[in-house]
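Residues per chain, in single letters:
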Amino acid sequence: MPYVKIQITREGATRDQKAQLIRGATDLLVHVLDKDPATTFVVIEEVETDHWGIAGETVAVLRERAKRGTGP
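Basis of the calculations
- Residues numbered from 1 in each chain as written.
- Predicted model: local features only at pLDDT ≥ 70, side-chain atom pairs only at ≥ 80, totals over all residues.
- Heavy atoms only, no water.
- Salt bridge = Lys/Arg side-chain N within 4 Å of Asp/Glu carboxyl O.
- Helix = DSSP H or I, 4+ residues; strand = E, 2+ residues; numbered from the N terminus.
- Buried < 20%, exposed > 50% of the residue type's maximum accessible area, 1.4 Å probe, protein only.
- Patch = residues over 30% accessible without salt bridge, like charges linked within 9 Å, V, L, I, M, F, W, Y side chains within 5 Å.
- Areas by Shrake-Rupley, 256 points an atom, 1.4 Å probe, with all protein chains shown as cover.
- Expected span 1.5 Å × (residues − 1).
- Arc of directions from axis to C-beta.
- Contact = heavy atoms within 4.5 Å.

A. Representation of the pattern of salt bridges. Tallied over the entire structure, the rule returns 5 salt bridges. Residue lysine 18 is joined to glutamate 46 by a salt bridge in which the shortest nitrogen-to-oxygen separation is 2.9 Å. Pair noted here: lysine 18 is in helix H1 (residues 15–33) and glutamate 46 is in strand S2 (residues 41–47), with a separation of 28 residues, a long-range link. Taking the relative accessible area as the measure of exposure, glutamate 46 reaches 22% and is therefore partly exposed. Across the salt bridge formed by arginine 65 and glutamate 57, the nearest N and O atoms sit 2.8 Å from each other. On the accessibility criterion, glutamate 57 (26% relative accessible area) is partly exposed.

B. Representation of a nonpolar patch on the surface within the structure. The grouping of Met1, Tyr3, Phe41 and Val43 at the surface amounts to a nonpolar patch, some 470 Å² of accessible area in total. With a relative accessible area of 41%, phenylalanine 41 lands in the partly exposed category.

C. View of H1. Taking 1.5 Å per residue as the helical rise, H1 with its 19 residues ought to reach 27 Å, and the 27 Å between its terminal C-alpha atoms agrees with that figure. The set of residues buried in H1 consists of Ala25, Thr26 and Leu29. The arc that holds the buried residues of H1, viewed along the axis, is 90 degrees, so those residues lie on one side. Turned more than 90 degrees away from the buried face of H1 sit Leu28, His31 and Val32, all of them exposed. Of the surrounding secondary structure, the elements contacted by the buried residues of H1 are strand S1 (3–9) and S2. The first or second residue beyond H1 is aspartate 34, which carries a positive phi of 55 degrees.

Here's what the structure looks like:
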């Protein structure tokens, strides 16, 4: 009974994109490990960009800086 948790930043992933992630992760486990899709669980967790950090800064700050065109 595989369980896959996918964490992404909350930046507007659509319902269709999330469905594609769920299908893709399920298909991968079916094809690679011969798992039963009926017992394969995939959970997508969206994290606020203020709650996700990279290199000591939040994603929100990094995205804002990228919009302004200023470097790290």
